[in-house]
Amino acid sequence: MAVRVSKADFEEKVLKEALPVLVDFYSDSCVACKKLAPVLGNAEDDYEDKIKVYKVNTNFDVELAEQYEVQSNPTLILFKDGQEKDRKVGALKQADLNSWIEEQI
């Protein structure tokens, strides 16, 4: 299960991480976010030594959501070397998420 990060530890856990980092910007009331959660969990297991997966709750971390111009939930942003490499908006099926991760890493 992806660990939640906030503004306080975002730089350390996401931007300074050597591995690529997938960040799920979500909210607790978002149905698509709930559907995506197990898909992300599977991807986290599948790519355990290749990527890190974190979650940012947009209700509590509004500043991060604004900084990364998150317009809707869920938004997945893949960071590499401290920079945004790509993003996807909306819930993805497992095959689509895995394919996207493979392209990015």
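Residues numbered from 1 in each chain as written. Predicted model: local features only at pLDDT ≥ 70, side-chain atom pairs only at ≥ 80, totals over all residues. Heavy atoms only, no water.

Let me state the cut-off plainly: UniProt positions are given in the numbering used here, feature names are shortened, and annotations may be inferred rather than shown by experiment.
The protein goes by Thioredoxin in an unreviewed UniProt entry, where it is assigned to Blautia faecicola. Here is the UniProt Sequence similarities (unreviewed entry) comment for the protein, exactly as written: "Belongs to the thioredoxin family."

1. A word on the state of the cysteines
How we decide: The disulfide criterion used throughout: a pair of cysteine sulfur atoms within 2.5 Å. Only protein chains enter the accessibility calculation, which uses a 1.4 Å probe; a residue is then buried when its area is under 20% of its type maximum, exposed when over 50%, and partly exposed in between.
Applying the stated criterion across every chain, the model contains one disulfide. Between the sulfur of Cys30 and that of Cys33 lies a disulfide, 2.5 Å long from S to S. Between Cys30 and Cys33, the S-S torsion sits near 80°, and that sign places the bridge as right-handed. The same class applies to Cys30 as to Cys33, namely buried.

2. Description of the side chain of Asp61
Formally: Only DSSP runs of H or I reaching four residues or more are called helices, and only runs of E reaching two or more are called strands; each is numbered from the N terminus. Pairs of residues are marked as contacts when any of their non-hydrogen atoms sit within 4.5 Å.
Take Asp61: it is sitting in the loop between strand 3 (52–57) and helix 3 (62–67). Discounting residues that sit within four places of it in the chain, Asp61 has contacts with Arg4, Val5, Ser6, Lys7 and Val56.

3. What about unusual backbone geometry?
Across the junction of Asn73 and Pro74, the peptide omega takes the value -10°, indicating a cis bond. In this model, Glu69 sits at a positive phi of 50°, which is unusual for a non-glycine residue. Structurally, the position occupied by Glu69 is in the loop between helix 3 and strand 4 (75–80). Positive phi, normally seen in glycine, also occurs at Asp81, with a value near 55°. Structurally, Asp81 can be placed in the loop between strand 4 and strand 5 (83–89).

4. Concerning the pattern of salt bridges
Note the following rule: For this document, the term salt bridge refers to a Lys or Arg side-chain nitrogen within 4 Å of an Asp or Glu carboxyl oxygen.
All chains considered together, the criterion is met by six salt bridges. For Glu63, the salt bridge is made with Lys7, and the minimal N-O distance between the two is 3.0 Å. Placement of the pair is Glu63 in helix 3 and Lys7 in helix 1 (residues 7–15), with a sequence separation of 56 residues.

5. Observations regarding the sheet that holds strand 1 (residues 3–4)
Note the cut-off: At least two bridges found by DSSP between two strands is the condition for calling them paired. To define axes, lines are fitted to C-alpha atoms, for helices over the stretch in contact only, and angles between the resulting N-to-C directions are given on a 0 to 180 degree scale.
The strand order across the open sheet built from five strands is 1-3-2-4-5, with neighbouring strands paired in mixed fashion. Where the open sheet ends on each side, the last strands, each with one partner, are strand 1 and strand 5. Here strand 2 (residues 21–26) runs beside strand 4; their pairing, made up of five bridges, is antiparallel. What sits directly across from Leu22, in strand 4, is Leu78. Helix 1 rests against strand 1, strand 2, strand 3 and strand 4 of the sheet, and its axis sits at about 145° to strand 2. Each of strand 2, strand 4 and strand 5 is contacted by helix 4 (residues 94–104), which is oriented at about 160° to strand 5, the strand it contacts most.

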